[in-house]
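Coordinates in review
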Amino acid sequence: MDAYSVLIRPVITEQSMHFAGTKNAYAFEVSPRANKVQIRQAVESIYGVKVADVRTANIKGKPRRRGRSFSHTKAWKKATVVLHDEYHIDLY
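Now for a description of the structure that goes with this document. None of the values given here were measured: they were computed from a predicted structure.

Looking at the pairing of strand E2 (residues 25-30)
Of all 6 residues in E2, 6 are buried; the element is thus mostly enclosed. Neither face of E2 is left uncovered, since the one carrying Ala25, Ala27 and Glu29 and the one carrying Tyr26, Phe28 and Val30 both have all their residues buried. As defined by bridge partners, E2 adjoins strand E6 (residues 76-83) across 6 bridges and the pair is classed as antiparallel. Note on E6: the bridge partner recorded for valine 30 is lysine 77.

Right under this line is the structure:
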């Protein structure tokens with residue numbers, strides 16, 4: 001799998017910005033088929049940093065209502081990447 005097909009987009013929320021500043025941890029939406037090794041290699045090759053830890057979570061779709069019908073938002077996979085202390089990513 002290509003590095004650019006593994007990482008879909010950075011997740012920019014208040015919580016992710018707080019973790020980026022305090023714990024040097026960055027959140028990304030990744031391909032549902034990607035594993036931790038592929039995520040680590042993709043972040044290291046794209047951003048030129050050294051990754052210390054990778055945590056993943058499968059996020060379920062939430063139910064949403066449109067008029068009388070119900071549907072769900074799409075399910076996605078989130079990866080939290082912790083970098084070594086001397087590295088950082090300028091996402092924000």
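Some details on the sheet that holds E6
In spatial order, the strands read E1-E2-E6-E3; together these 4 strands make up an open sheet with antiparallel pairing. Each of the sheet's edge strands pairs with one partner strand only, and the pair in question is strand E1 (7-10) and strand E3 (51-59). For this sheet the average axis-to-axis angle between neighbouring strands, irrespective of direction, equals 30°. Of the strands in this sheet, E1, E2, E3 and E6 are in contact with helix H3 (residues 36-47), which crosses E3 at around 125°.

A closer look at the nonpolar core
Judged by nonpolar contacts, the single largest core of 18 residues is most densely connected at Phe28, Ile39, Val43, Val81, Leu83 and Ile89. Mapped onto this core, the elements with two or more residues apiece are helix H1 (3-6), E2, H3, E3 and E6. Those residues within four positions of isoleucine 39 in sequence are excluded, and the remaining contacts are Val6, Val30, Ala34, Val54, Thr56, Ala79 and Val81.

Cut-offs applied
Residues numbered from 1 in each chain as written. Predicted model: local features only at pLDDT ≥ 70, side-chain atom pairs only at ≥ 80, totals over all residues. Heavy atoms only, no water. Buried < 20%, exposed > 50% of the residue type's maximum accessible area, 1.4 Å probe, protein only. Helix = DSSP H or I, 4+ residues; strand = E, 2+ residues; numbered from the N terminus. Pairing = 2+ DSSP bridges. Axes fitted to C-alpha atoms, helices over the stretch in contact; angles between N-to-C directions. Contact = heavy atoms within 4.5 Å. Core = buried A, V, L, I, M, F, W, Y, C linked by side-chain atoms within 4.5 Å.

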